[in-house]
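Spelled out from the first residue to the last, the chains are:
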Amino acid sequence: QVQLVESGGGLVQSGGSLRLSCAASGSIFNIITMGWYRQAPGKQRELVASVASGGSTNYADSVKGRFTISRDNAKNTVYLQMNSLKPEDTAVYYCYGFIQRSYYTLPGDYWGQGTQVTVSS
């Protein structure tokens, strides 16, 4: 099995910063992509940012210039540094991994349990 465990959510004032972490553990052969999605009440889950194994990154337009995703391959961990937070960033943030468990298996999608980020105005 593969587990993704997030940490770092919480309550912050508008303009503040938070750093999310997500560690992948278990039976892992190769982590192809890791990233963060978020879901606000009444809205669909949306991609926030992702980073591929080679280091290429992708960001939602709404967070470009404010959020930075990074990855420590040795620790199977992905980070999301969130600066200049806005009330509209309030959501449950989910860690995502596209992970291959062994040489003989196809990669699959794995999700963390989610961590709440609340930005007060």
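Structural data are supplied above this passage.
The text that follows walks through the structure, step by step, so that each part is easy to find. These numbers come from a predicted model, not from an experiment.

1. Section: the pattern of salt bridges
Once the charged atoms of two side chains with opposite charge are near each other, the side chains can pair.
Line of reasoning, step 1. Summed over the entire model, instances satisfying the criterion amount to four salt bridges.
Line of reasoning, step 2. For the salt bridge of K64 with D61, the shortest nitrogen-to-oxygen distance reads 3.1 Å.
Line of reasoning, step 3. Taking the shortest distance from any N to any O, the salt bridge between D89 and R66 comes out at 2.8 Å. Taken together, the positions of D89 in the loop between strand 8 (77–82) and strand 9 (91–100) and R66 in the loop between strand 6 (57–59) and strand 7 (67–72) put the pair 23 residues apart, joining distant regions of the chain.
Line of reasoning, step 4. Take D89: its relative accessible area is 1%, and that puts it in the buried class.

2. A closer look at the state of the cysteines
Line of reasoning, step 1. Summed over all chains, the structure comprises one disulfide.
Line of reasoning, step 2. The residue that forms a disulfide with C22 is C95, at a sulfur-sulfur distance of 2.0 Å. Looking along the S-S bond of the C22-C95 disulfide, the torsion reads about -85°, which is the left-handed sense. Placement of the pair is C22 in strand 3 (residues 18–26) and C95 in strand 9, with a sequence separation of 73 residues.

3. Describing the pairing of strand 9
Line of reasoning, step 1. The element strand 9 is largely enclosed, with a buried count of eight among its 10 residues.
Line of reasoning, step 2. Where strand 4 (residues 30–39) meets strand 9, nine bridges bridge the pair, whose relative direction is antiparallel. By the bridge assignment, Y37 is partnered in strand 9 with Y94.
Line of reasoning, step 3. Across three bridges, strand 9 lies against strand 11 (residues 115–120) in antiparallel orientation. In the strand pairing of strand 11, V92 is matched with Q116.
Line of reasoning, step 4. In this sheet, strand 10 (residues 108–111) lies alongside strand 9 in antiparallel orientation, the contact comprising four bridges. Paired with G97 across the bridge in strand 10 is Y110.

4. Details of the sheet that holds strand 3
Through backbone hydrogen bonds, the strands of a sheet pair up, either in parallel or in antiparallel fashion.
Line of reasoning, step 1. Taken in spatial order, the four strands line up as 1-3-8-7 in an open sheet, and their pairing is antiparallel. Both outer strands of the open sheet, strand 1 (2–7) and strand 7, are each paired with one neighbouring strand and no more. Shown here is a sheet whose adjacent strand axes are inclined to one another by a mean of 15°, direction ignored.
Line of reasoning, step 2. In this sheet, strand 8 lies alongside strand 7 in antiparallel orientation, the contact comprising six bridges. Residue pairing in the sheet places T68 in a bridge with Q81 of strand 8.

What counts and what doesn't
- Residues numbered from 1 in each chain as written.
- Predicted model: local features only at pLDDT ≥ 70, side-chain atom pairs only at ≥ 80, totals over all residues.
- Heavy atoms only, no water.
- Salt bridge = Lys/Arg side-chain N within 4 Å of Asp/Glu carboxyl O.
- Helix = DSSP H or I, 4+ residues; strand = E, 2+ residues; numbered from the N terminus.
- Buried < 20%, exposed > 50% of the residue type's maximum accessible area, 1.4 Å probe, protein only.
- Disulfide = S-S within 2.5 Å.
- Pairing = 2+ DSSP bridges.
- Axes fitted to C-alpha atoms, helices over the stretch in contact; angles between N-to-C directions.

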